[in-house]
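Structural overview for review
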Amino acid sequence: MRIARFSIDGNVAFGAVEGNAALAASEGELVLDIIKGIPFADFELSGTKVPLSKVRLLPPVLPNKVVAIGRNYAEHAAELGNEVPDAPITFFKPSTSVVGPGDPITYPSFSQDLHHEAELAVVIGRMCREVPRERVKDVILGYTCANDVTARDVQQREKQWARAKGFDSSCPLGPWIETDLDPSDLTIQCTVNGEQRQLGRTSDMVRSIEDLIVHISEAMTLLPGDVILTGTPAGVGSLNVGDEVAVTIEGIGTLTNKVIKRG
């Protein structure tokens, strides 16, 4: 099931996306069957359906926290002159960094070198801690596309990554959550103004999703709606004001955002 979060007529709701996204432009309109309740508990479909074109898609979740992983693809680590770490590098992106599909990425005033980083995002479905490896699948609601937008010059200049990766609009998520997906070998692609920049596969991760959730949940409680960013493949590069950046992940869809000047 594909679960989207959206607004219509001033109201916010979740809905199940119906239709084939790849064929929608030519063979019919995607629709949302509005969910009774929230997707983090037992829910029913209401049967009330609205066209996707009539709603505004929002970030598919509003996470309490986004836990991100650095240097989880060897080629990406190498392209920035880094080695693969002995243990996962973890950092946070605040809830205020999260934006949805179609929302602008605001170029931070304190940076001169903004980069895209296409990533598979894991959405947590239930409160959990100290998750054993064999139970990891039980705590995952699904997967979505993410862009770990990074002020690269600030990241290199400052010892902590909080400002470089945590500024407002630095964590686009969407367009929806795919709940029925094997994430072990998916294509990840990033384009800027239609030109391919990144192309990788989740099978190239240094550490698997199971490894990451075990590692993170040893230290902290994960809550429903929390998001884990699993790292980016090689090919990261600069973004400029006016650029349109799109992250496409096999089996999920495409997340598109435009870079604007900070007002």
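Attention in this report is confined to the structure presented alongside it. These numbers were taken from a predicted model, which means no experiment stands behind them. (Residues numbered from 1 in each chain as written. Predicted model: local features only at pLDDT ≥ 70, side-chain atom pairs only at ≥ 80, totals over all residues. Heavy atoms only, no water.)

1. Notes on the overall build of the protein chain
A tally of regular secondary structure across the protein chain gives five helices and 20 strands. For 263 residues, the compact-globule estimate of 2.2 N^0.38 gives 18 Å, and the protein chain sits close to it at 18 Å. In terms of principal-axis extent, the alpha carbons of the protein chain reach across some 50 × 45 × 30 Å. Across the 263 residues in the protein chain, those meeting the buried criterion constitute 51%. Restricting to contacts in the protein chain with at least 6 residues of sequence separation, those with at least 24 account for 71%. With the model as given, the accessible surface of the protein chain reaches about 12,000 Å², and the carbon-plus-sulfur share is 47%. For the protein chain, the distance from the average site of its 25 positive side-chain charges to the average site of its 35 negative ones is 6 Å. (Helix = DSSP H or I, 4+ residues; strand = E, 2+ residues; numbered from the N terminus. Rg over C-alpha atoms; globule rule 2.2 N^0.38 Å. Buried < 20%, exposed > 50% of the residue type's maximum accessible area, 1.4 Å probe, protein only. Contact = heavy atoms within 4.5 Å. Areas by Shrake-Rupley, 256 points an atom, 1.4 Å probe, with all protein chains shown as cover. Lys, Arg positive; Asp, Glu negative; His and termini not counted. Charge placed at Lys NZ, Arg CZ, Asp CG, Glu CD.)

2. Digging into the pairing of strand β19 (residues 244-249)
As paired strands, strand β15 (residues 187-192) and β19 are joined by five bridges and run antiparallel to one another. Note that in β19 the partner of Ile188 across the bridge is Ile249. Counting the residues that bridge the hairpin from β19 to strand β20 (residues 253-261) gives three residues, and of these Gly251 lies at a positive phi of roughly 85°. (Pairing = 2+ DSSP bridges.)

3. Some details on unusual backbone geometry
For the bond from Gly174 to Pro175, the omega torsion is 5°, close enough to zero to count as cis. In this fold, Pro175 is placed in strand β14 (residues 171-178). Backbone geometry places Asp9, a non-glycine residue, at a positive phi of 55°. According to the relative accessible area criterion, Asp9 is exposed, its value standing at 74%. Positive phi is not limited to glycine here, since Arg71 has a value of about 55°. One can find Arg71 in the loop between β6 (66-70) and α2 (74-79).

4. Points about the environment of Asp182
Mapped onto the elements, Asp182 comes out in the loop between β14 and β15. Assessed through its relative accessible area of 53%, Asp182 is described here as exposed. For Asp182 and Gly251, which are 69 residues apart along the polypeptide, the C-alpha to C-alpha distance reads 8.9 Å. One polar contact links Asp182 to Ser184, side chain to side chain, over a distance of 2.8 Å. (Polar contact = N/O pair within 3.5 Å; in protein donor to acceptor, adjacent residues only side chain to side chain.)

5. What to know about the sheet that holds strand β18 (residues 237-239)
For sheets, the rule is that strands pair by backbone hydrogen bonds, running either parallel or antiparallel. Pairing is antiparallel in the open sheet, where three strands are placed in the order β13-β10-β18. The two strands at the open ends of the sheet, each matched to only one other strand, are β13 (150-151) and β18. Sheet topology places strand β10 (residues 114-116) next to β13; two bridges connect them, and they run antiparallel. Residue pairing across strands places Leu114 opposite Ala151, the latter belonging to β13.

6. Remarks on the packing of aromatic side chains
Applying the stated criterion across every chain yields a total of three aromatic pairs. Measuring from ring centre to ring centre gives 5.2 Å for Phe91 and Trp161, while their planes differ by 65°; the resulting arrangement is edge-to-face. Of the two residues, Phe91 sits in strand β7 (residues 89-93) while Trp161 sits in the loop between α3 (152-157) and α4 (162-166), which places them 70 residues apart along the sequence. Relative accessible area serves as the criterion here: at 9%, Phe91 is assigned to the buried category. For the ring pair Phe110 and Phe167, a centre distance of 6.3 Å and an interplane angle of 80° mean the geometry is edge-to-face. Note that Phe110 is positioned in the loop between β9 (105-107) and β10 and Phe167 in the loop between α4 and β14, a separation of 57 residues in sequence. Above the plane of the ring of Phe110 lies Arg163, whose end atom (NZ or CZ) is 4.6 Å from the centre. (Phe/Tyr/Trp six-rings, centres within 6.5 Å; stacked < 30°, edge-to-face > 60°. Lys NZ or Arg CZ within 6 Å of the ring centre and 35° of its normal.)

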